[in-house]
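What the coordinates show
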Amino acid sequence: MITKIQRRNKIKARIRGKISGTAARPRMTVFRSNKQIYVQLVDDLAGKTLVSASSKGLEANGTKIEVAAAVGKAIAEKAQAAGINEVVFDRNGYLFHGRVKSLADAAREGGLKF
């Protein structure tokens, strides 16, 4: 029997084999824990994180989905300030549903294209 974590790691490896971020179009990767949600814009060629945002440093209250939307808006604002408009979305093996979808939709509304 394959566990939930093994399943996610398998999906994650398959996705990472296909996508890669550059300085012009970085990879937007999402990490979701039970309490927090984190997002980074990564340049894989240089191996550097260009911009990051998380629910930890954010003064957002509400449901986890509402907090994820606030993080999506925050990453979009930071990316615009850094001159980044286009990204490659990496859901990191998570289903595109709930918190991950909420974050992605808010980032799109904030002006990021992916």
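Residues numbered from 1 in each chain as written. Predicted model: local features only at pLDDT ≥ 70, side-chain atom pairs only at ≥ 80, totals over all residues. Heavy atoms only, no water.

Let's shift gears to the environment of Lys 73. Its place among the elements puts Lys 73 in helix 2 (residues 64-81). Lys 73 gets classed as partly exposed once you look at its relative accessible area, which sits at 44%. C-alpha separation for the pair Lys 73 and Arg 108, spaced 35 residues apart in sequence, amounts to 8.4 Å. (Helix = DSSP H or I, 4+ residues; strand = E, 2+ residues; numbered from the N terminus. Buried < 20%, exposed > 50% of the residue type's maximum accessible area, 1.4 Å probe, protein only.)

When pLDDT is averaged along the protein chain, the result is 94; 100% of the residues meet or exceed 70. At the low end of the mean pLDDT range in the protein chain sits helix 1 (residues 4-18), at 94; at the high end sits helix 3 (residues 99-109), at 97. (pLDDT = per-residue confidence, 0-100.)

Attention shifts here to the nonpolar core. Soluble globular proteins tend to bury their nonpolar side chains together. Counting residues in each nonpolar core, the largest one holds 22 residues, and the members touching the most others are Met 28, Val 30, Val 39, Leu 41, Ile 75, Leu 103 and Leu 112. Broken down by secondary-structure element, the contributors of at least two residues to this core are strand 1 (27-32), strand 2 (37-43), strand 3 (48-54), helix 2 and helix 3. The dominant element in this core, judged by the number of residues it contributes, is helix 2, at 6 residues. (Core = buried A, V, L, I, M, F, W, Y, C linked by side-chain atoms within 4.5 Å.)

Looking now at the layout of surface pockets. Taken as a whole, the largest pocket spans an internal volume of roughly 270 Å³. Along the walls of the largest pocket sit Lys 4, Ile 5, Arg 7, Arg 8, Arg 32, Ser 33, Asn 34, Gly 93, Tyr 94, Leu 95 and Arg 99, which together make up its complete lining. Ranked by the residues each element gives to the lining of the largest pocket, the list is headed by helix 1, at 4 residues. Residue composition of the lining of the largest pocket, grouped by class: 3 nonpolar, 3 polar and 5 charged. (1 Å grid on protein atoms, 1.4 Å probe; cavity = no way out; pocket = protein on both sides within 12 Å on 5 of 7 lines; lining within 4 Å. Points joined across faces, edges and corners; volume = space filled by probe spheres on them. Nonpolar A, V, L, I, M, F, W, Y, C, P; charged D, E, K, R; others polar.)

Mapped onto the elements, Asn 92 comes out in the loop between strand 4 (88-90) and helix 3. In this structure the side chain of Asn 92 is engaged in a polar contact, spanning 2.9 Å, whose partner is the backbone oxygen of Val 30. Non-local contacts of Asn 92, meaning those with residues more than four positions away in its chain, are made with Arg 8, Lys 12, Thr 29, Val 30 and Phe 31. (Polar contact = N/O pair within 3.5 Å; in protein donor to acceptor, adjacent residues only side chain to side chain. Contact = heavy atoms within 4.5 Å.)

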